[in-house]
Amino acid sequence: YPFRLFIYPLPSIFNSQIIPYFQIPVHDRSGTWHTGPNITTPSIFNPDANMAQFTSEIALHWQFEKHPCRTLDPEQATFFFLPAYGFYLTWFSDITNMTQPLFKVAASKLNAVLRDSAEIENFFDYVDQQALLDKNSSNQEHPLPSTYKKYLYRHNLCDHLFVASRPFQQWDSSYVWNALDGLAQNLIWLAIEMTPRYSSSVSSKILKNIPIPYLVTGDLHIAGTVIYRQLQQKLLVMNISSTIVEPCTNVFCSIAFADQYQNEYGSLSRPFLTYFAGSVRQNRRHLKELMKQMNNSSLFHEISSTSRNANSQLFRKYLQSTFCFILLGDSASSKRLFDVIAANCIPVIISDQWELPFTSNLPWQQFSIRFSESMLEHNKSYIHRLLTTMPETQIFNMQLNLYKVRTHFLYSLENENFVSQPNDAVDEIFKQLAMRQQYAKTCKYHM
């Protein structure tokens with residue numbers, strides 16, 4: 001890439017120092033909550049952990065540190081990364097509103113040790129103070145080295161990156177969005193959820209902020225070999241000899257898991273035409289009605305909000321389904337989209353406001369289907385007809401296209417050193433950053 005990334009040596013109070021005080025609440029299959037493994041280890045990405053889906057900020061920090069584009073010299077940098085774990089900081093900011101006892105315990109421990117300073121508001125206050133400090137000042141707790149401070153506002157923060165691994169609307173957005181005298185809006189936000197409200201444009205085709213995938217872990221993360229075998233089997237059944245399916249040989253594959261999967265299920269087929277797993281909400285009533293019309297070819301799996309992460313066997317149903325419905329959850333986005341992509345189940349997306357990741361580089365229309373929320377409510381027959389009558393060759397081509405882009409939505413967590421791999425999610429993020437170099441140097445926002 002024709003640029004370099006500098007990572008600020010922020011006080012650990014904003015990242016790694018938080019983690020030991022935050023035990024992952026997990027649950028057993030009966031729904032009983034208990035304290036899970038300490039997340040100072042890679043078990044932070046345990047798919048059964050309640051908050052594992054929001055740990056992309058930690059994965060990115062680790063992988064940015066080891067990326068070949070990183071520089072230790074800020075003079076060489078085009079972009080500057082602020083490694084603060086915003087999800088955890090906002091949880092601690094919201095301690096008075098927490099209903100889960102384990103979160104309260106973790107937050108109270110942290111606040112007792114760190115004197116209430118590990119909050120998202122204090123992080124932005126800290127950044128602001130660094131830019132104002134005289135380089136000889138010694139009264140600031142945890143100051144940045146003075147040589148780094150001049151880069152903070154050199155381009156009005158337009159060349160600075162911040163990861164938002166929690167949907168914006170769930171933050172105290174009025175504070176976050178207006179922090180640093182409004183300059184926080186200039187940051188390039190790497191966000192798991194991007195909606196039109198927060199997606200100002202650099203050009204007619206490029207958004208300033210970068211939508212990024214939620215984190216996928218567990219069996220689905222390494223299911224590439226299963227999917228390869230499924231596609232090969234389908235080629236034989238359909239008697240298609242001209243299409244080449246490349247074998248899966250990267251960190252997102254596991255021959256051992258593929259063998260285990262085949263032994264467990266005895267088949268590589270996808271017996272379900274459509275599948276959905278999630279808690280029952282008002283907006284999903286229409287989907288349930290639609291899937292009833294598809295009879296035995298569809299599976300609507302209702303799971304409670306407290307157990308939706310507990311049973312990883314549920315996610316294997318994605319590997320047994322052709323189309324998987326993606327509806328908005330608590331907000332416009334849903335981690336479910338990236339679970340089904342990892343399983344090579346064709347996403348059927350029904351969420352009007354969600355800005356999907358990497359649309360400037362990846363042809364979403366070739367491997368997914370999107371309907372409006374109103375169509376699900378008022379025109380179920382059209383959706384039913386399209387999915388039930390789609391030719392087998394068209395379905396196969398969509399599955400093949402999805403297989404080709406699958407790794408672009410996955411973080412390389414299975415290799416020992418957590419190093420980014422070619423064509424993974426971090427690689428795709430760097431491609432997106434390359435498109436924003438001019439913005440980083442010349443933006444005129446909120447000066």
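For the structure, check the block above.
Keep in mind the model is a prediction, meaning the values are calculated, not measured.

Peer 1: Just to check I follow, could you spell out the overall build of the protein chain for this structure?
Peer 2: Along the backbone of the protein chain there are 16 helices and 12 strands. Counting across all 447 residues of the protein chain, residues that qualify as buried make up 57%. In the structure as shown, the protein chain presents an accessible area of about 18300 Å², 49% of it carried by carbon and sulfur atoms.

Peer 1: I'm lost on the packing of aromatic side chains in this one. Help?
Peer 2: Within a pair of aromatic rings, the relevant descriptors are the distance that separates the centres and the angle that separates the planes. Counted under the stated rule, the structure contains 22 aromatic pairs. Measuring from centroid to centroid gives 6.2 Å for Phe 338 and Trp 354, while their planes differ by 80°, and the two rings are edge-to-face. Here Phe 338 is found in helix 11 (residues 336-342), whereas its partner Trp 354 is found in the loop between strand 11 (346-350) and strand 12 (369-370), with 16 residues between them in sequence. Among the aromatic residues, ring-to-ring pairing joins Tyr 214, Phe 338, Trp 354, Phe 358, Trp 364, Phe 367 and Phe 409 into one connected group.

Peer 1: Quick question: what am I supposed to make of the environment of Leu 319 here?
Peer 2: The topology assignment puts Leu 319 in the loop between helix 10 (312-316) and strand 10 (321-327). Ignoring any residue separated from it by four or fewer positions in sequence, one finds Leu 319 in contact with Leu 220, Ala 223, Val 226, Ile 227, Gln 230, Phe 257, Tyr 261, Ser 269, Arg 270 and Ala 343.

Peer 1: Sorry if this is basic, but what is going on with the side chain of Glu 428 here?
Peer 2: Assignment of secondary structure puts Glu 428 in helix 15 (residues 425-434). Given the relative accessible area of 1%, Glu 428 is considered buried. Contact partners of Glu 428, with chain neighbours within four places excluded, come to Phe 358, Asn 361, Leu 362 and His 408.

Peer 1: What am I meant to see in helix 14 (residues 392-405) here?
Peer 2: Spacing of three or four residues puts side chains on the same side of an α-helix, whose turn is 3.6 residues. Relative to the 20 Å expected for 14 residues at 1.5 Å per residue, helix 14 spans 20 Å between its end C-alpha atoms, a close match to the ideal helical length. If you check which residues of helix 14 are buried, you get Ile 395, Phe 396, Met 398, Gln 399, Leu 400, Leu 402, Tyr 403 and Val 405. Where helix 14 is buried, its residues meet helix 7 (224-238), strand 10, helix 11, strand 11 and strand 12.

Peer 1: Hey, could you run me through the state of the cysteines in this one?
Peer 2: Each disulfide is one covalent bond, formed between the sulfur atoms of two cysteines. A full pass over the atoms with the stated rule returns 2 disulfides. A sulfur-sulfur separation of 1.6 Å characterises the disulfide bridge that pairs Cys 248 with Cys 253. Handedness of the Cys 248-Cys 253 disulfide follows from its S-S torsion of about -65°: it is left-handed. Summarising the burial analysis for this pair, Cys 248 and Cys 253 share the class buried. Between Cys 324 and Cys 345 runs a disulfide, and the two sulfur atoms are separated by 2.1 Å. Disulfide Cys 324 to Cys 345: torsion about the S-S bond roughly 100°, handedness right-handed. A residue pair is termed long-range when its members are at least 10 positions apart, and Cys 324 in strand 10 and Cys 345 in the loop between helix 11 and strand 11 qualify at 21 residues. In this structure Cys 324 comes out as buried when scored by relative accessible area, which is 0%.

Cut-offs and rules
- Residues numbered from 1 in each chain as written.
- Predicted model: local features only at pLDDT ≥ 70, side-chain atom pairs only at ≥ 80, totals over all residues.
- Heavy atoms only, no water.
- Helix = DSSP H or I, 4+ residues; strand = E, 2+ residues; numbered from the N terminus.
- Buried < 20%, exposed > 50% of the residue type's maximum accessible area, 1.4 Å probe, protein only.
- Areas by Shrake-Rupley, 256 points an atom, 1.4 Å probe, with all protein chains shown as cover.
- Phe/Tyr/Trp six-rings, centres within 6.5 Å; stacked < 30°, edge-to-face > 60°.
- Contact = heavy atoms within 4.5 Å.
- Expected span 1.5 Å × (residues − 1).
- Disulfide = S-S within 2.5 Å.

Function cannot be read off these values alone, since they describe shape.
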